[in-house]
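Observations on the three-dimensional arrangement
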Amino acid sequence: MKAIILSAGQGSRLGALTADRPKCLIEFGGRTLLDRQLDALAVNGVSEAVVVTGFRDDLIESALARRSGGPSAATIYNPFYKVADNLGSLFMPRSELSGDCLVWNGDTLVSDRLMGRVLANRRSGICVTIDRKDSYDSDDMKVVEEKGRLKAIGKRLSQGVNAESIGLLAFRSDGAERFRQAIERDIRTPEGTTIWYLRVIHHMAAEQEIWTLDINGEEWGEVDFPPDVVHAEELVTRWDALRAAAA
């Protein structure tokens, strides 16, 4: 299993916190967001990661060089991070989309247990990790799913929404290869550089089976706005206590 982590963006909505460093290098409980992602992979036996960089890639390279322990992490630079949406960040490492792999947004923290559930799920093909709540806002990556099958995904959905994507996808069997082919197709369309990679998943769901994994009840957090930083600090404080108790 390999993880592709998309960490090219600056995270400008976080203001001064990301003025001179990428979002993935914000610290929570003394460890960067990227370190915590790599730690969650290591705890669950994932030994290889590819980090897509962009804004202040030099700082990410230095941070990775200072790490000790797994997983091994290579980097791929996305020179288009300022002008293309995150489909561009997946187009750059598309050759890494093969075999069993994860695609993980670089601004999403997940608990060790949640990552374990994703990796334990043996569903073949493409599986989108989802959560549920009472209502969804304009910034949520909303999902329509039925009996574990994805019907639609996107921020602008309004009808039938019953879940949200947490920004973590798993690929098994030929799923990664099918996704790569769809990326190469959609990037060539007039809207190609302006869309999210989950828009490609949305298109694929109209033609083939895309699955969902419901992790409702597990802990995770997306870091987009200043209040998210407070929530993330609360999460990692709990997770660190659990790790210490288990050590």
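Computed from a predicted model, the values in this text were never measured in an experiment. (Residues numbered from 1 in each chain as written. Predicted model: local features only at pLDDT ≥ 70, side-chain atom pairs only at ≥ 80, totals over all residues. Heavy atoms only, no water.)

So, the pattern of salt bridges
Throughout the structure, instances matching the rule amount to 25 salt bridges. Between Glu184 and Arg94 there is a salt bridge whose closest N-O contact spans 3.4 Å. Of this pair, Glu184 sits in helix H5 (residues 175-186) while Arg94 is found in the loop between helix H3 (86-91) and strand E6 (101-105), placing the two residues 90 residues apart along the sequence. With relative accessibility at 28%, the residue Glu184 sits in the partly exposed group. When its relative accessible area of 27% is taken as the criterion, Arg94 is described as partly exposed. Beyond isolated ion pairs, a larger network of salt bridges with shared partners links Arg13, Lys23, Asp107, Asp139, Lys155 and Asp224. (Salt bridge = Lys/Arg side-chain N within 4 Å of Asp/Glu carboxyl O. Helix = DSSP H or I, 4+ residues; strand = E, 2+ residues; numbered from the N terminus. Buried < 20%, exposed > 50% of the residue type's maximum accessible area, 1.4 Å probe, protein only.)

Description of the pairing of E6
Within E6, 5 of the 5 residues are buried, which leaves it mostly tucked inside the rest of the structure. In terms of strand pairing, E6 meets strand E11 (residues 163-172) through 4 bridges, oriented antiparallel. Bridging from a neighbouring strand, Cys101 pairs with Phe171 of E11. (Pairing = 2+ DSSP bridges.)

Topic: the environment of Thr75
Note on placement: Thr75 falls in strand E5 (residues 72-77). Residue Thr75 is classed as partly exposed on the basis of its relative accessible area of 25%. The spacing of Thr75 and Asp174 is 99 residues in sequence and 24 Å in space, taken between C-alpha atoms. Beyond its immediate chain neighbours, meaning those up to four positions away, Thr75 contacts Val51, Thr53, Glu61 and Leu64. (Contact = heavy atoms within 4.5 Å.)

Describing the side chain of Thr108
In this fold, Thr108 is placed in strand E7 (residues 108-110). Once residues within four sequence positions are removed from consideration, Thr108 is found in contact with Leu33, Gln37, Ile166, Trp220, Gly221 and Glu222.

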